[in-house]
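Here is what each chain is made of, one letter per residue.
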Amino acid sequence: MERILVSACLMGRKVRYDGAAKASGDALLATWRQEGRLIPFCPEVEGGLPVPRPAAEIEDGAGGAAVLAGTARVLTTGGADVTEAFLAGARSALAVARSFDVKVAILKEGSPSCGSLTVYDGTFRGHRMPGIGVTTALLELHGITVFNEEHITDAGVRLRELGGAR
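Residues numbered from 1 in each chain as written. Predicted model: local features only at pLDDT ≥ 70, side-chain atom pairs only at ≥ 80, totals over all residues. Heavy atoms only, no water.

### Details of the pairing of strand E2 (residues 38-41)
This is how the line gets drawn: A pair of strands is considered paired only if DSSP assigns at least 2 bridges between the two. Put simply, DSSP H or I for four residues or longer makes a helix, DSSP E for two residues or longer makes a strand, and each gets a number counted from the N terminus. Crossovers are described as right-handed under a simple rule: with the strands pointing away from the observer, the path leading from the first strand over the helix to the second runs clockwise.
Two strands pair when backbone bridges link them, and strand E1 (residues 4-7) and E2 are joined in this way by four bridges, in the parallel orientation. Looking across to E2, one finds that Val-6 is bridged to Pro-40. The parallel pair E1 and E2 is bridged by helix H1 (residues 27-34), and the resulting crossover is right-handed.

Here is the structure:
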């Protein structure tokens with residue numbers, strides 16, 4: 001049975017920066033949950049950040065690959081550098097994914113950790129731009145395909161291709 005790494009906030013856990021959850025009502029995700037396939041994970045909490053915490057964005061909207069390469073930082077609204085916590089969380093997510101032989105992850109879109117299509121531009125004005133988060137970048141670098149909460153059906157297709165889902 002293929003296991004799936006999933007953002008803990010999508011599972012209803014109150015781990016987001018604002019202390020809230022973003023629970024998904026997707027039927028396929030609910031089925032996978034009942035089957036015991038899901039591994040809920042919050043890289044920001046696992047990286048040592050508290051709940052709640054100041055909002056954070058990747059400077060200049062550079063994306064997760066730039067953070068991994070050391071050419072961009074993750075900063076809070078107050079200017080604190082939380083890059084190391086984001087990197088630690090990404091490394092922890094990869095370790096958990098490897099321990100369960102995960103090949104597919106479903107992560108929260110827009111997050112500086114988990115975004116798979118967009119990230120905020122670093123200005124804290126609510127503007128998104130194309131890019132991926134730090135955890136997504138690391139997972140994809142290691143062959144794990146990342147989908148967001150709007151593409152769960154696509155994740156199901158990928159799992160079927162791998163021979164691990166209905």
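### Side note on helix H5 (residues 134-141)
For clarity, the threshold we go by: Type-normalised accessible area, obtained with a 1.4 Å probe on protein chains alone, sets the label of each residue: buried when under 20%, exposed when over 50%, and partly exposed for intermediate values.
Counting buried positions over the eight residues of H5 gives six, a clear majority of the element. A positive backbone phi angle near 85 degrees is found at Gly-143, which sits one or two residues after H5.

### Side note on the side chain of Thr-76
Our working rule: Between two residues, a contact is recorded if the distance between any of their heavy atoms is within 4.5 Å.
As for its position among the elements, Thr-76 is in strand E4 (residues 74-76). You can call Thr-76 buried: its relative accessible area is 8%. Aside from chain neighbours lying at most four places away, what touches Thr-76 is Pro-54, Ala-55, Ala-56, Val-82 and Phe-124.

### Points about the nonpolar core
For clarity, the threshold we go by: Only buried Ala, Val, Leu, Ile, Met, Phe, Trp, Tyr and Cys residues count toward a nonpolar core, and they belong to the same one when joined by side-chain atoms within 4.5 Å.
Formed by 27 residues in total, the largest nonpolar core has its most connected members in Leu-5, Val-74, Val-134 and Leu-139. Elements supplying a minimum of two residues to this core: E2, strand E3 (56-58), helix H3 (64-69), helix H4 (83-99), strand E5 (104-107) and H5. Looking at this core element by element, the count peaks at seven residues for H4. Apart from residues no more than four positions distant in its own chain, Leu-139 is found in contact with Leu-5, Ala-93, Leu-94, Ala-97, Ala-105, Leu-107, Ile-144 and Val-146. Of all hydrophobic cores here, the second largest spans 17 residues; its members include Ala-8, Val-15, Leu-38 and Val-104.

Interpretation note: all reported values are geometric properties and have no functional meaning in isolation.
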